[in-house]
Amino acid sequence: MSRVLDTFLDLVRISSPTGHERGVARYAAEALAAAGCTVRYDDSQGQTGSDTGNLIGEFPGTASGPVIALSAHMDCVQPCEGVEPVVEDGIVRSAGPTVLGGDDKAGVAAIIEAVRRLADSDIPHPALRILLTVAEEDGLVGAKALSADDAAADVCLVLDADGSVGGIVTAAPTHYTFRALFTGRAAHAGVEPEKGVSAIRMASAAIDRMPLGRLDESTTANIGTISGGSATNVVAPTCTVTGECRSRDRARVEEVRLALDAALAEGARLFGGQVEVAWDLAYEGFSVSALAESVQLVAAACRELGIEPRLFATGGGSDGNIISALGVETLVLSCGMTKVHTTDEEFAVAELENLASLLVAIARRAAG
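Structural notes, computed from the coordinates. Computed from a predicted model, the values in this text were never measured in an experiment.

Rules used throughout
- Residues numbered from 1 in each chain as written.
- Predicted model: local features only at pLDDT ≥ 70, side-chain atom pairs only at ≥ 80, totals over all residues.
- Heavy atoms only, no water.
- 1 Å grid on protein atoms, 1.4 Å probe; cavity = no way out; pocket = protein on both sides within 12 Å on 5 of 7 lines; lining within 4 Å.
- Points joined across faces, edges and corners; volume = space filled by probe spheres on them.
- Helix = DSSP H or I, 4+ residues; strand = E, 2+ residues; numbered from the N terminus.
- Nonpolar A, V, L, I, M, F, W, Y, C, P; charged D, E, K, R; others polar.
- Core = buried A, V, L, I, M, F, W, Y, C linked by side-chain atoms within 4.5 Å.
- Buried < 20%, exposed > 50% of the residue type's maximum accessible area, 1.4 Å probe, protein only.
- Pairing = 2+ DSSP bridges.
- Contact = heavy atoms within 4.5 Å.
- Polar contact = N/O pair within 3.5 Å; in protein donor to acceptor, adjacent residues only side chain to side chain.
- Phe/Tyr/Trp six-rings, centres within 6.5 Å; stacked < 30°, edge-to-face > 60°.
- Axes fitted to C-alpha atoms, helices over the stretch in contact; angles between N-to-C directions.
- Parallel < 35°, antiparallel > 145°, perpendicular 65-115°, else oblique.
- Left-handed = near helix turned anticlockwise from the far one by under 90°.

Empty space within the largest pocket amounts to approximately 550 Å³. Contributing elements (two or more residues each) for the lining of the largest pocket: β7 (155-162), β8 (167-172), β13 (274-283) and β16 (329-338). Sorting elements by how many residues they give to the lining of the largest pocket places β7 first, with three residues. Taken together, the residues of the lining of the largest pocket break down into eleven nonpolar, eight polar and seven charged.

Let us look at the nonpolar core. Among the nonpolar cores identified, the biggest contains 88 residues, and F8, I68, L132, L157, L333 and I362 are the most heavily contacted of them. Ranked by residues supplied to this core, first place goes to helix α11 (residues 349-367) with eleven residues. Core analysis: the second largest hydrophobic core is formed by 21 residues, F182, V241, V253 and V256 among them.

Turning our eyes to something else, we now look at the pairing of strand β12 (residues 238-247). Among the ten residues in β12, nine count as buried, and that is most of the element. The pairing of strand β9 (residues 174-183) with β12 spans ten bridges and is antiparallel. The residue bridging A180 from the neighbouring strand is V241, located in β12. Across nine bridges, the pairing between strand β11 (residues 219-228) and β12 is antiparallel. The residue of β12 that forms the bridge with T225 is T242.

What follows is about the environment of E345. With respect to the secondary-structure elements, E345 resides in the loop between β16 and β17 (346-348). As a C-alpha pair, E345 and R93 span 252 residues in sequence and 6.5 Å in three-dimensional space. Once residues within four sequence positions are removed from consideration, E345 is found in contact with V92, R93, S94, V99, L100, G101, G102, D103, T338, K339 and V340. Within the structure, E345 has its side chain in polar contact with the backbone nitrogen of L100 (distance 2.9 Å). Here G102 takes part through its backbone nitrogen, which lies 2.8 Å from a polar atom of the side chain of E345.

Here the focus is the side chain of S294. Summarising the element assignment, S294 is placed in helix α9 (residues 293-304). On the accessibility criterion, S294 (7% relative accessible area) is buried. Engagement of the side chain of S294 in a polar contact is seen with the side chain of E329, the distance being 2.6 Å. With residues near it in sequence (within four places) discarded, S294 still touches V155, V288, E329 and L331.

Let us look at unusual backbone geometry. For the peptide bond that leads from Q78 to P79, omega is 0°, which places it in the cis range. Within the element layout of this structure, P79 appears in the loop between β3 (68-73) and β4 (85-88). The residue after D103, namely D104, is reached through a cis peptide bond having omega 15°. Checked against the element boundaries, D104 lands in helix α4 (residues 102-119). In this structure, A135 takes a positive phi of about 50° despite not being glycine. Position of A135 relative to the elements: it lies in the loop between β6 (128-133) and α5 (141-144).

Enumeration according to the criterion identifies three aromatic pairs in this entry. Between Y176 and W279, the aromatic rings sit 6.2 Å apart at their centres with planes inclined by 90°, giving edge-to-face as the arrangement. A residue pair is termed long-range when its members are at least 10 positions apart, and Y176 in strand β9 and W279 in strand β13 qualify at 103 residues. For W279, a relative accessible area of 22% gives the class partly exposed. Ring geometry for F178 against W279: centres 5.1 Å apart, planes inclined by 55°, an arrangement best described as tilted. Taken as a pair, F178 in strand β9 and W279 in strand β13 lie far apart in primary sequence, 101 residues in all. The class for F178 is buried, based on a relative accessible area of 4%. Taken together, Y176, F178 and W279 form an aromatic cluster joined through their ring pairs.

A word on the pairing of β4. On a regular strand, one side chain projects to one face of the sheet and the next to the other, so that they alternate. In the sheet, β4 pairs with strand β5 (residues 91-94) via four bridges, with the strands oriented antiparallel. What sits directly across from P85, in β5, is S94. The antiparallel pairing of β4 with β5 creates a hairpin that spans two residues between the two strands, and D89 there sits at a positive phi of about 55°.

The N-to-C vectors of helix α2 (residues 22-34) and α4 enclose an angle of 15°; their axes lie 10 Å apart at closest approach. Considered as vectors, α2 and α4 are oriented roughly parallel to each other. Of the two possible hands of crossing, α2 and α4 adopt the one that is left-handed. In this structure, α2 uses V24, Y27, A28, A31 and L32 to contact α4, whose residues at the interface are K105, V108, I112, V115 and R116. In terms of residue class, the contact of α2 with α4 is built from eight nonpolar, no polar and two charged.

Written out as structure tokens, the structure is:
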């Protein structure tokens, strides 16, 4: 087996559900330090609740060029404890009832391997900054705790998109979430329902007035959960609704957010109740021109390896959104992940090799 595959298998065997990334962080820190990186942890534990800080590494350059940050996250979705990887016909899968953990241990393994290859060779490269974050799967919490100084770079490559290597995410949306509490008045549903004010009816009326689903090529909105009431014979006095909207068009997402907010208020008004709405800006969007030097750099490195680059926009978020908001031009790269967040997850060894080779090629070209 190859070294990068060995590293990947080591990593997926280390249990790292969100908030318990210490084992992966320790493994990565030792490997990066042995390859010549200066490594340290930030002081984000109090903010993230993880058992370790974000891991920050610095690999000195041997040539001038833009400082490149390489980022991946160390946590995995459950069930991810006690993973037993098996390799059959060039594909890695979990032997048991767990996810494999390629999201995002493929990214971690490729970063470690790229640094090792550069350290073992005379390939010229600029300075690299390594950002391995915690608690990504819990709302990008680790990245949100990064300081601007720790994330400082000319460009950041976040290794956390699915699809075969060669995919380059150049745009991602701004994302809002909300939690709305409708308050009405309880009453016996069989004896005096007239005295009640149903919070569930308010929520239903509000949802019925909302623009939901795919609203245009860049914009979506959704109701995620609804819960309320206490018994079938009680007019429900409270009901909670959660939802979201997101768009790659910053003005459009505000337009949709206001429309959802207005629908929530109208639903309560129609039945004489009240609603309290709490909005949260989960993350800002980003967009990088196809003509940007960073995009051209990654695309050229892909072609060098015989991989056709694919530029695309996404409707999802990642640590890339957070790092971009810190003022760093950011791209998210496809890592070869398939069937992520399921127990059917699998990973092609060839994709892992391609990902590590791509990072090395990017570093060499950046030095040129």
